Amino acid sequence: MILHPAILALLVSSLLIGTMVLYAAWYGVRIVAQWDGTSGSERQILLERRTYFVATIVNYFLAIQIASLFWLVYTADTLHTLFAGTMCAVGTFEVNRFGFPTVLIKLATSILAGIWIILNHADNKGFDYPLIRVKYWFLIILAPCIIVENVVQWFFFIGLHPDIITSCCGSLFSPGGRNVAAEMAGAPIIPVLQGFFSALAITLGCGTFFILRRRGAIVFSLASVITGAVSIEAVISSLSVYIYELPSHHCPFCILQPEYHYIGYPLYGAILTGVICGAGVGVLSLFGKIQSLAKDLPPFQRRLAIAAVVAYAVLTLTAIAAITRSHYHV
Amino acid sequence: MIDIRNVSKVFNTGRPNEFTAIAGISLHLSLQETTVLKGPSGSGKTTLLSLIGCMTRPTSGRIFIDNREITSLPERFLTGIRRTTFGFIFQRFNLLRGFTALENVMAPALPEGEKYAPLKKRAIDILGMLDLDHRYDAKAEWLSGGEAQRVAIARALINNPSIIIADEPTAHLDGKLSGEFLSIMEILKGEGKTIIIASHDPLVYESTLADRIVEIRHGEIGGDGALP
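Residues numbered from 1 in each chain as written. Chains lettered and ligands numbered in written order. Predicted model: local features only at pLDDT ≥ 70, side-chain atom pairs only at ≥ 80, totals over all residues.

Here's the deal with the packing of helix α4 (residues 99–125) of chain A against helix α10 (residues 264–285) of chain A
All names here are of chain A. Taken N-terminus to C-terminus, the directions of α4 and α10 make an angle of 45 degrees; their axes are 9 Å apart at the nearest point. Classified by the interaxial angle, the pair formed by α4 and α10 is oblique. In this structure, α4 crosses over α10, and the sense of that crossing is right-handed. Where α4 abuts α10, its residues S110, I111, G114, I115, I118, L119 and A122 lie against L272, V275, I276, A279, G280, V283 and L284. When the residues that make up the contact of α4 with α10 are grouped by side-chain class, the tally is 11 nonpolar, 3 polar and no charged. (Axes fitted to C-alpha atoms, helices over the stretch in contact; angles between N-to-C directions. Helix = DSSP H or I, 4+ residues; strand = E, 2+ residues; numbered from the N terminus. Parallel < 35°, antiparallel > 145°, perpendicular 65-115°, else oblique. Left-handed = near helix turned anticlockwise from the far one by under 90°. Contact = placed C-beta atoms within 7 Å. Nonpolar A, V, L, I, M, F, W, Y, C, P; charged D, E, K, R; others polar.)

This is how it looks when you write it as structure tokens:
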């Protein structure tokens, strides 16, 4: 293992997040099994007093979990100079077989963490803990995912040795390869861009419609999630060649480097925000009939929709700027 | 109706100094009436007032105000209820030193975000109703005992609460000032306020103000009855 401060920070934060989420999940099991809002028993009142405390702490830890996704990628990018044959974070993640699983699991848990934060916020709006069981069920499912991510991340970090020769992004994201990354990189540029901008237009349209008319939450939510996936594909197969101005370079991580003005951070930040907030609108619409949330849920959904629309608008403008300012032409 | 159902309050649970302040009290208090909680020091009167006023949570049991259960509410909802439903008059008045009488009266309303000018006018009107309009710019520490008491009453009324809670309000007052306090409470009762007073002062529980006296001893109800 390389004793780099960033690695230690990630390990410590993961340990703290894992411990807290495990405790909260254990507490969640008690809530799911024993919660009875009509009871005035000592046990029920104790659960009521603790849930606010536990949920508030978990809320902040899960926010750190989302931030740690970007921190992990930044750390991998910073460390790539230690390994022979690397150009960016891809090389670091390729050092051992736990690198990319760590990123992918952390991406999934970050999205789930974002949705839990939204559920918790909505639950706090109701005076009668309207989503208490839902949010703790969610946490009971999320906790093992975060623990698995912590374990995989641990194996990834202890398997990092400076003497290892690894692959560069050029070989992994090469259109001629036979893996998922290569297939994503090899998709035709123009059709993917057409799909990308169409998906953005549909999502922005659905979002604007929802904000103005308060209808179509599920459609907007699905559109947001699908657009997130399409956007990742568009970054790898199409936007990358405009940013690098090279027809053969499709790396999704080199765009996080200063040579490319860190353009990857606004791109990925916008995608993640769009997916989480967009998904949140749909998830909350499932609870629209709860009486204690009837007043507060619609404005909260509207704020989430605005956040998702703004995020995807930023993504659209950043993508257009990257294409129009590029010297590369298809 | 204030409905107290099997409420207990235990301090330092599970420790050697565990103390049961309220032991399974059930009580129904009518709105727009005056109830006096009577009992010796340490009997649990103040704890019960705190529970009714949402200032502390029970260890077990539930309290309903106008059919709305309040003991399970998250803190941010309790804050709103405390601010708008209850007016508190404390034994030692608890005025903020260094602030004027007017500022003390306005203080509980400031978090509501009301515009300053109408709020100030309302505070001056309430002070005027209590014959204190000439002392509104006096600092709290300059006020006499009677004036401080009336400022405390004005502060309790600033958010137009439906329930007034007073904890041993006459404990530090002489007979004349206690009489004044009871007169003011009579006026508020006439306006339809619900008044709950914890007191072991005979002047209070023997006054015509009290519609009902509930006696508390060792955290339990010892005697309870509506007055003729």
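What follows continues from the structure just given.
Here's the deal with the pairing of strand β4 (residues 60–65) of chain B
Residues and elements named next belong to chain B. Extensive coverage of β4 is indicated by the burial of 5 of its 6 residues. Bridge analysis of strand β1 (residues 2–11) against β4 gives 5 bridges, and the strand direction is antiparallel. Its bridge partner being in β4, D3 is matched across the sheet by F64. Where β4 meets strand β5 (residues 68–69), 2 bridges bridge the pair, whose relative direction is antiparallel. Directly across from I65, in β5, lies its bridge partner R68. Where β4 hands over to β5, the hairpin turn is made up of 2 residues, of which D66 adopts a positive phi near 55 degrees. (Buried ≥ 20, exposed ≤ 12 C-beta atoms within 10 Å, placed from the backbone. Pairing = 2+ DSSP bridges.)

Observations regarding the interface of chain B and chain A
In this complex, chain B contributes 13 residues to the contact, which on the side of chain A involves 10 residues. For the side of chain B that touches chain A, the secondary structure elements donating two or more residues are β1, β4 and α2 (75–85) of chain B. Tallying contributions element by element places β4 of chain B first for the side of chain B that touches chain A, with 3 residues. When its residues are assigned to classes, the side of chain B that touches chain A shows 4 nonpolar, 5 polar and 4 charged.

As for the sheet that holds β5 of chain B
The 4 strands lie next to each other as β2-β1-β4-β5 (chain B), forming an open sheet whose pairing is antiparallel. Here the strands that pair on one side only, and so sit at the sheet edges, are β2 (19–29) and β5 of chain B.

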